[in-house]
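Overview (structure and organization)
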Amino acid sequence: RQFDLKTGILIGNTTGGISLAWWKRSHNVHHVVCNSVENDPDNQHLPFLAIDNKFFGQFFSSYHQKLFTTDLVARTLVSYQHFLYYPFMMVARINLYIQSILLLASEEKIEHPNLEIATLMVFFGWFGTMLMCCLQSWQERLAYVALSHAIAGLLHVQITMSHFAEEVYHGQAYNDDTDEWFRMQVKTTLNIDCEPYMDWFHGGLQFQIEHHLWPRLPRHNLRAARDLTRALCKKHDIEYHECTFFQGQVRLMSKLYETALEARNTKKSDGGFYESQIWEGMNAIG
């Protein structure tokens with residue numbers, strides 16, 4: 001395990017610039033409490049995005065250990081999130097850099113912190129050197145950074161599409177037979193239907209249901225597992241969410257648009273958007 005972990009840090013951090021410790025910490029929680037408003041960090045994106053009206057008002061994040069409030073800024077951005085989603089995905093990787101640095105700079109206990117820090121320094125070192133030595137002007141450097149991160153945004157679209165449009169819930173799952181492990185993972189996750197030759201391009205992420213049910217299952221077995229899972233869902237009358245990539249985009253954008261319209265109708269009593277420093281300053285409150 002330690003050899004595998006160190007190899008992952010060396011390769012992943014050095015070539016990707018994202019801390020493996022941060023990824024494990026965040027992604028493991030996401031798997032256990034998938035699409036929980038209060039507990040799943042992968043869906044807590046206020047003030048930029050709200051995938052459901054259940055995120056309106058105030059809620060305390062058990063992962064980030066802070067209160068999220070739909071203040072004036074959040075209400076404004078969420079009201080137009082269906083236009084902002086793709087631009088946000090184009091720069092989403094920068095947020096992962098920031099989250100990685102914040103974790104390593106915190107007092108959170110992680111494995112091999114020195115190796116994590118050293119490998120991230122190598123990444124930013126070689127990336128910065130490449131920008132300075134291989135490109136001649138600041139315009140070229142800015143264009144390269146923007147374009148490379150925008151293309152990487154396709155990965156963020158792939159991942160978020162698998163959960164953003166699906167059911168969300170408050171609190172903890174596993175309360176009874178209606179939200180036990182299997183049912184909860186299936187109803188909060190979406191698969192992307194594609195031809196087998198596309199499996200390599202998707203990297204196994206299109207079989208997100210099976211990945212959530214069996215996180216350690218090798219991705220070359222996910223298609224076979226998908227056939228078994230669909231049969232099991234049909235046998236027990238459980239809805240299995242699957243569509244093409246472009247149908248998934250429509251499904252996602254429809255959900256974002258629906259929530260954006262609801263955000264525009266929020267009031268002080270249910271949205272809390274007046275309770276912000278900007279609003280108070282504009283109206284000389286306090």
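All residue numbers here refer to positions counted from 1 along the written sequence of the relevant chain. With pLDDT at 70 or above as the cut-off, local features in this predicted model cover only qualifying residues; side-chain atom pairs require 80 or more to be listed or tallied, and sums for whole chains, interfaces and linings still use all residues. In computing side-chain values, all of the structure's heavy atoms are included and hydrogens and water are not.

**Description of the pairing of strand β2 (residues 66-69)**
Successive side chains on a regular strand alternate, one facing one side of the sheet and the next facing the other. For two strands to count as paired, DSSP must find a minimum of two bridges between them. Labels follow the DSSP assignment, with helices taken as runs of H or I lasting at least four residues and strands as runs of E lasting at least two, numbered in each case from the N terminus. Pairing analysis gives 4 bridges linking strand β1 (residues 58-61) to β2, with the strands arranged antiparallel. Across the sheet, Phe60 pairs through a bridge with Leu67, a residue of β2. Following β1, the chain reverses through 4 residues before pairing antiparallel with β2; Gln65 in that reversal takes a positive phi of roughly 55°.

**Re the packing of aromatic side chains**
Only rings of Phe, Tyr and Trp enter the pairing, Trp through its six-membered ring, and a pair is recorded when the two centres are within 6.5 Å. The plane angle decides the type: under 30 degrees is stacked, over 60 is edge-to-face, the rest tilted. Scanning the model with the defined rule gives 15 aromatic pairs in all. Centroid distance Trp200 to Phe201: 5.3 Å. Interplanar angle 90°. Geometry classified as edge-to-face. For Phe201, a relative accessible area of 59% corresponds to the exposed category. An aromatic cluster is built from Tyr97, Phe123, Phe124, Trp126, Phe127 and Tyr144, whose rings are joined through pairwise contacts. Burial here depends on accessible area, computed with a 1.4 Å probe over protein chains only, as a share of the maximum for the residue type. Under 20% is buried, over 50% is exposed, and the range in between is partly exposed.

**Considerations on the packing of helix α5 (residues 92-105) against helix α6 (residues 113-134)**
For the pair α5 and α6, the least separation of the axes is 11 Å and the interaxial angle reads 145°. When you trace α5 past α6, the crossing you get is left-handed. Seen from α5, the contacting residues are Tyr97, Ser100, Ile101 and Leu104; seen from α6, they are Glu116, Ile117, Leu120, Phe123 and Phe124. Fitted lines through C-alpha atoms serve as axes, helices being fitted only where they are in contact, and the angles separating the N-to-C directions of these axes extend from 0 to 180 degrees. Note on convention: near helix rotated counterclockwise from far helix by under a right angle means a left-handed crossing. Clockwise means right-handed. The criterion used for residue contact is that any of the two residues' heavy atoms lie within 4.5 Å.

**Focus: the packing of α6 against helix α7 (residues 138-161)**
The relative placement of two packed helices comes down to the angle between their axes together with the axis-to-axis distance. At a minimum axis separation of 9 Å, α6 and α7 run at an interaxial angle of 135°. What the angle tells us is that α6 and α7 run oblique. As for how α6 packs across α7, the hand of that crossing is right-handed. Residues Phe127, Met130, Leu131 and Met132 of α6 form the contact with α7, whose participating residues are Arg141, Tyr144, Val145 and His149. Throughout this entry, Asp, Glu, Lys and Arg are counted as charged residues, while Ala, Val, Leu, Ile, Met, Phe, Trp, Tyr, Cys and Pro are counted as nonpolar. The remaining residues, Gly among them, count as polar. Here the residues of the contact of α6 with α7 are counted per class, giving 6 nonpolar, 1 polar and 1 charged. Throughout, the term roughly parallel applies to angles under 35 degrees, roughly antiparallel to angles over 145, roughly perpendicular to angles from 65 to 115, and oblique to all others.

**Digging into the nonpolar core**
Leu46, Phe55 and Tyr85 are the most contacted members of the largest nonpolar core, which totals 24 residues. Contributing elements (two or more residues each) for this core: α3 (72-78), α4 (81-90), α7 and α12 (245-264). With 4 residues, the single largest contributor to this core is α12. Leave out the neighbours within four places in its chain, and Leu46 touches Phe55, Phe59, Phe68, Thr70, Ala74 and Val78. Core analysis: the next-biggest nonpolar cluster, separate from the first, contains 13 residues, Ile18, Leu96, Tyr97 and Phe127 among them. In these notes, a set of buried Ala, Val, Leu, Ile, Met, Phe, Trp, Tyr and Cys residues joined through side-chain atoms within 4.5 Å is what counts as a nonpolar core.

**Considerations on α4**
All buried positions along α4 are accounted for by Gln81, His82, Tyr85 and Met89. Considered in projection along α4, the buried side chains sweep an arc of 80° and stay on one side of the axis. In this structure, the buried side of α4 is in contact with α3, α5, α7 and α12. Note that the arc is computed from the directions linking the helix axis to the C-beta atoms.

**Structural notes on the state of the cysteines**
What counts as a disulfide here is a pair of cysteine sulfur atoms lying within 2.5 Å. Enumeration over the complete set of coordinates arrives at 0 disulfides. In this structure Cys194 is not part of a disulfide, and its nearest cysteine sulfur, from Cys243, lies 11 Å away. Residue classification places Cys194 among the buried positions, given a relative accessible area of 14%. In this structure Cys243 comes out as buried when scored by relative accessible area, which is 10%.

These values are about where atoms sit, not about what they do.
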